[in-house]
Amino acid sequence: MLVTIEDLKTEMYTEVLSVISRGDRDELKKQLKAAEDFAKAYLFKFDLKALFGDAQTPPIIHDEMLTKAIKVIASYFIVRKANPSGSIELFREDWLLMVGTEKEPGWLTDIKKGIIVPDWPLKPDNPQTVEDESQKANGVFWNSEKKRINRF
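Residues numbered from 1 in each chain as written. Predicted model: local features only at pLDDT ≥ 70, side-chain atom pairs only at ≥ 80, totals over all residues. Heavy atoms only, no water.

> Which parts of the structure should I look at to understand the overall build of the protein?
When helices and strands are tallied, the protein shows six helices and zero strands. Seen in sequence order, the protein has helices and strands lined up from the N terminus as α-α-α-α-α-α. A burial count over the protein gives 36% of its 152 residues as buried. Within the structure as shown, the protein displays about 10,600 Å² of accessible surface, and the carbon and sulfur contribution to it stands at 53%. (Helix = DSSP H or I, 4+ residues; strand = E, 2+ residues; numbered from the N terminus. Buried < 20%, exposed > 50% of the residue type's maximum accessible area, 1.4 Å probe, protein only. Areas by Shrake-Rupley, 256 points an atom, 1.4 Å probe, with all protein chains shown as cover.)

As structure tokens, this is what we get:
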């Protein structure tokens, strides 16, 4: 994973993480995995293996802003598990900065829409398709189904 439990210490105190998760490190790992999967949904046109790595290989690209986004998302997911009297407003502000809403898009949303174009490798080309997915076409990606002929 791109972010470890120890990396979350820059966002939340260790004792807070321990109390919310009740000492269950597996629960924290699940929330980190969910945060990475959430971010990957926004970054579909980039080479996700280069950005996040996999079980066998570490990530090739090291982007501090991406790491920060994953930590903010994971922190938000973890804090939501706290009791109802816990304050989530600080994490909500970070969430809006990194992810945003439809009215006020955040960093990940701007990348998804092509407003912000980081210097990351695009998804490698799939040789079984006609298009070359590895070529950047002004940040716009499109797809369509094969044309059908209907006869009556």
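> Is there a simple way to explain the nonpolar core in this structure?
Generally speaking, nonpolar side chains in soluble globular proteins are found buried as a group. If you look at the biggest cluster of nonpolar residues, it comprises 35 residues, and the most contacted ones within it are L43, F52, L66, W107, L108 and W120. Sorting the residues of this core by element identifies α1 (14-21), α2 (25-42), α3 (48-52), α4 (64-79), α5 (89-98) and α6 (107-113) as the ones contributing at least two each. Broken down by element, the residue count for this core peaks at 10 residues, all from α4. Beyond its immediate stretch of four places on either side in the chain, L108 contacts A39, Y42, L43, I73, M98 and V99. (Core = buried A, V, L, I, M, F, W, Y, C linked by side-chain atoms within 4.5 Å. Contact = heavy atoms within 4.5 Å.)

> Got a minute to help me understand the pattern of salt bridges in this structure?
Any two side chains of opposite charge can pair, so long as their charged atoms come close to each other. Counted under the stated rule, the structure contains four salt bridges. For E6, the salt bridge identified is with R25, shortest N-O distance 2.9 Å. Placement of the pair is E6 in the segment before α1 and R25 in helix α2, with a sequence separation of 19 residues. Overall, the relative accessible area of 40% leaves E6 in the partly exposed class. The partner of E11 in a salt bridge is K68, with the nearest N and O atoms 2.8 Å apart. Remark: K68 occurs in helix α4 and E11 occurs in the segment before α1; sequence separation between them is 57 residues. (Salt bridge = Lys/Arg side-chain N within 4 Å of Asp/Glu carboxyl O.)

> Even after reading the chapter, I still don't get the packing of α2 against α4, so can you show me in this structure?
How two helices sit against one another is set out by the angle between their axes and by the gap between those axes. Where α2 meets α4, the closest approach of the two axes is 8 Å, and the angle between their N-to-C directions is 130 degrees. Of the possible angle classes, the one that applies to α2 and α4 is oblique. Between α2 and α4 lies a crossing whose hand is right-handed. Across from L28, Q31, L32, A34, A35, E36, F38 and A39 in α2, the residues of α4 making contact are I70, I73, A74, F77 and I78. Taken together, the residues of the contact of α2 with α4 break down into 11 nonpolar, one polar and one charged. (Axes fitted to C-alpha atoms, helices over the stretch in contact; angles between N-to-C directions. Parallel < 35°, antiparallel > 145°, perpendicular 65-115°, else oblique. Left-handed = near helix turned anticlockwise from the far one by under 90°. Nonpolar A, V, L, I, M, F, W, Y, C, P; charged D, E, K, R; others polar.)

> Whenever I open this one, the packing of aromatic side chains confuses me. Can you help?
Given two aromatic rings, one states the distance between the centres and the angle between the planes to describe the pair. The tally for this structure, following the rule as stated, stands at two aromatic pairs. Taking the centre distance of 5.5 Å and the plane angle of 50 degrees together, the rings of F38 and Y42 count as tilted. Linking F38 with Y42, this pair stays in helix α2, spanning four residues, or about one helical turn. According to the relative accessible area criterion, Y42 is buried, its value standing at 17%. Ring centres 6.1 Å apart and planes at 85 degrees place the aromatic pair F38 and F77 in the edge-to-face group. Within this pair, whereas F38 is found in helix α2, its partner F77 is found in helix α4, the two being separated by 39 residues in sequence. Residue classification places F38 among the partly exposed residues on the basis of a relative accessible area of 25%. An aromatic cluster of at least three residues, connected via ring pairs, comprises F38, Y42 and F77. (Phe/Tyr/Trp six-rings, centres within 6.5 Å; stacked < 30°, edge-to-face > 60°.)

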